[in-house]
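# Chain and residue survey
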Amino acid sequence: MSTEIVDFFFLSFFSAKFRMDVYFDISSDQLPIIYSSNYNIRFMGLQKLHPFDSEKWEKVYNILLGSGIIKRNTSVEPHEAKDEVLQVVHPTSYLNKLKWSAYVARVTEVPFLFALPNKLVQQRVLRPFRFHTGGTILAGKLAMERGWALNIGGGFHHCSKEDGGGFCAYADITLCIKFLFMNYPSIEKVMIVDLDAHQGNGHERDFLGEEKVYIMDVYNRGIYPHDEYAKAAIRKKVELRHFTEDAEYLDRVSRNLTDAIAEYNPQFIVYNAGTDILKGDPLGCLSITAQGIIERDEIVFRAAKENGTPIVFVTSGGYQKCTAKIIAESVINLKNKGLFR
Ligand SMILES: [Zn+2]
């Protein structure tokens, strides 16, 4: 058998299998809003020690339930991204590194994980992240079918296929896009719009030199990760100063997004909607108001809708206690403005 035929059978077999694992169909009365109670990280008081509100995902979900936008049986529960799914992007050598608690402690910036048995770290920290990752991958499929999809978690934009960092252990954005390419061969132009306060160096490293992925990144140039190598992958780069405020921020996001879409005409958008741009965020060091975040998300969704481009929304960074409420209000605003198609 020629290698092409072997490759064909190999890819057919595995792509069918991947579809079953994390790519599943939802019913017509479900909305493409993805969440699992497995997202939340709770043990040994981590949720209190860490500067992050590691229960924000549950809070967003509960506010959306209370608003009536979704019900428990109309939202979508993703599957965990297990090794065979993760290996689409991550080499085994990387997944093996996560079997060392010291490495996970560095990636998550939670030093005391260093001292814990890896089995516990896997179960209580990495397993939740694998559910987030399954959610982002599934969001790609659902956005192709519905025009939009929201993963209430995910957005681990500092993790590349070979290295984690900045609270990001799996490259969910890279995986989402690779799954799109595998399952929808007509998709050849994907745009990442990364508006978290930090540079998205993980997906940038993964897609450096990849013509099929256009990256727009708007970030504070004065904070982590200062990854100059990864910056070469950014095709629309907007570097902000400390404490940038709403008017300048929204103007630059809006103008650059319009230009980027006109230049590239993407077939799909992955929107990394970090909320660490919020005033008072100790890591983001920007001065955007809650209303500014809501307007920003509206700008991005409106641009996608006007261009007829499917869009995935992931929540990424931003872990102040008030963040969950802002994310939920923004989702409600998108719905009220008719931007969920
Ligand atoms: Zn961030």
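Everything numeric here is computed off the predicted structure, so don't read it as measured data.

What counts and how
- Residues numbered from 1 in each chain as written.
- Predicted model: local features only at pLDDT ≥ 70, side-chain atom pairs only at ≥ 80, totals over all residues.
- Helix = DSSP H or I, 4+ residues; strand = E, 2+ residues; numbered from the N terminus.
- Rg over C-alpha atoms; globule rule 2.2 N^0.38 Å.
- Contact = placed C-beta atoms within 7 Å.
- Core = buried A, V, L, I, M, F, W, Y, C linked by C-beta atoms within 7 Å.
- Buried ≥ 20, exposed ≤ 12 C-beta atoms within 10 Å, placed from the backbone.
- Expected span 1.5 Å × (residues − 1).
- Pairing = 2+ DSSP bridges.
- Axes fitted to C-alpha atoms, helices over the stretch in contact; angles between N-to-C directions.
- Parallel < 35°, antiparallel > 145°, perpendicular 65-115°, else oblique.
- Left-handed = near helix turned anticlockwise from the far one by under 90°.
- Nonpolar A, V, L, I, M, F, W, Y, C, P; charged D, E, K, R; others polar.
- Bend = angle between axes of the 7 residues up to and from the residue.
- pLDDT = per-residue confidence, 0-100.

## Notes on the overall build of the protein chain
A count of helices and strands for the protein chain gives 13 helices and seven strands. Computed over its C-alpha atoms, the radius of gyration of the protein chain comes to 19 Å, within 12% of the 20 Å expected for a compact globule of 341 residues. For the protein chain, the proportion of contacts with a sequence separation of at least 24, taken over those separated by at least 6, is 73%.

## What to know about the nonpolar core
With 97 residues, the main nonpolar core has Ala169, Cys176 and Val312 as its most contacted residues. With ten residues, helix 7 (residues 118-146) is the largest single contributor of residues to this core. Once residues lying within four places of it in the same chain are set aside, the contact partners of Ala169 are Leu98, Val104, Val107, Thr108, Leu126, Phe129, Phe156, Cys159 and Gly164.

## Quick look at helix 13 (residues 323-336)
Between the first and last C-alpha of helix 13 there are 20 Å, a value that for 14 residues agrees with the 20 Å anticipated at 1.5 Å per step. Among the residues of helix 13, those classed as buried are Thr323, Ala324, Ile326, Ile327, Ala328, Ser330, Val331 and Leu334. Along its buried surface, helix 13 packs onto helix 3 (56-67), strand 2 (148-151) and helix 12 (290-307).

## A short note on the pairing of strand 2
On strand 2, burial covers both faces: Trp148 and Leu150 on one face and Ala149 and Asn151 on the other are all buried. When strand 1 (residues 33-34) meets strand 2, the two strands line up parallel, connected through two bridges. Along strand 2, the bridge assignment pairs Ile34 with Asn151. Sheet analysis places strand 2 next to strand 7 (residues 311-314), joined by four bridges and oriented parallel. Bridged to Asn151 within strand 7 is Val314.

## Remarks on the packing of helix 11 (residues 246-264) against helix 12
The interhelical angle for the contact between helix 11 and helix 12, taken along N-to-C directions, is 15°, at an axis separation of 10 Å. Here helix 11 is positioned roughly parallel relative to helix 12, judged by the angle of their axes. In this structure, the crossing between helix 11 and helix 12 has a hand that is right-handed. Seen from helix 11, the contacting residues are Asp246, Tyr249, Leu250, Val253, Ser254, Leu257, Thr258 and Ile261; seen from helix 12, they are Gly292, Glu295, Arg296, Ile299, Val300, Ala303 and Asn307. The residue inventory of the contact of helix 11 with helix 12, partitioned by class, reads eight nonpolar, four polar and three charged.

## A word on helix 7
A rise of 1.5 Å per residue sets the reference length of helix 7, with its 29 residues, at 42 Å; its end C-alpha atoms lie 39 Å apart and thus fit the reference within 8%. At Leu126, helix 7 shows its strongest bend, of approximately 40°, with the proline Pro128 following within four residues. Taken from the residues just after helix 7, Gly147 is the one with a positive phi, measuring 95°.

## Side note on unusual backbone geometry
Cis rather than trans, the peptide bond between Tyr224 and Pro225 has omega equal to 5°. Of note, Pro225 is situated in the loop between strand 4 (213-220) and helix 10 (228-231). Within the chain, Phe167 stands out as a residue other than glycine whose phi angle is a positive 75°. Relative to the helices and strands, Phe167 resides in the loop between strand 2 and helix 8 (172-183). Given 21 C-beta atoms within 10 Å, Phe167 falls into the buried group. Even without a glycine there, the phi angle at Ser316 is positive, about 55°. Within the secondary structure, Ser316 sits in the loop between strand 7 and helix 13. Owing to 28 C-beta atoms within 10 Å, Ser316 belongs among the buried residues under this scheme.

## A few points about the environment of Arg296
Looking at the secondary structure, you find Arg296 in helix 12. Spatially, the C-alpha atom of Arg296 lies 26 Å from that of Arg205, the residues being 91 residues apart in sequence. Contacts of Arg296, omitting those with residues within four sequence positions, involve Leu195, Leu250 and Val253.

## Description of the sheet that holds strand 3 (residues 190-194)
Ordered in space as 1-2-7-6-3-4-5, the seven strands form an open sheet in which the pairing is parallel. On the outer flanks of this sheet lie strand 1 and strand 5 (234-240), each paired with one strand and no other.

## A look at the environment of Thr323
Within the secondary structure layout, Thr323 lies in helix 13. Under the C-beta neighbour-count criterion, Thr323 is labelled buried, with 24 such atoms within 10 Å. Sequence-wise, Thr323 and Ala290 are 33 residues apart; in three dimensions their C-alpha atoms are separated by 8.6 Å. Look past the residues within four positions of Thr323 in its chain and what remains in contact with it is Asp53, Lys56, Thr275, Leu278 and Gly318.

## A closer look at the confidence of the model for the protein chain
Looking at the protein chain, the pLDDT average stands at 93 and 91% of residues meet or exceed 70. By mean pLDDT, the top-scoring element of the protein chain is strand 3 (99), and the lowest-scoring one is helix 1 (residues 3-22) (53). In the model, residues 1-8 has pLDDT below 50 throughout and makes one contact with residues more than four positions away in sequence or in other chains.

## Some points on the packing of helix 6 (residues 101-108) against helix 7
Packing of helix 6 against helix 7 leaves a shortest axis separation of 10 Å and a crossing angle of 30°. Taken as axis vectors, helix 6 and helix 7 run roughly parallel relative to one another. Counted together, Ser101, Val104 and Thr108 of helix 6 and Asn118, Val121, Val125 and Leu126 of helix 7 form the full contact between these two elements. Classifying every residue of the contact of helix 6 with helix 7 by side-chain character gives four nonpolar, three polar and no charged.

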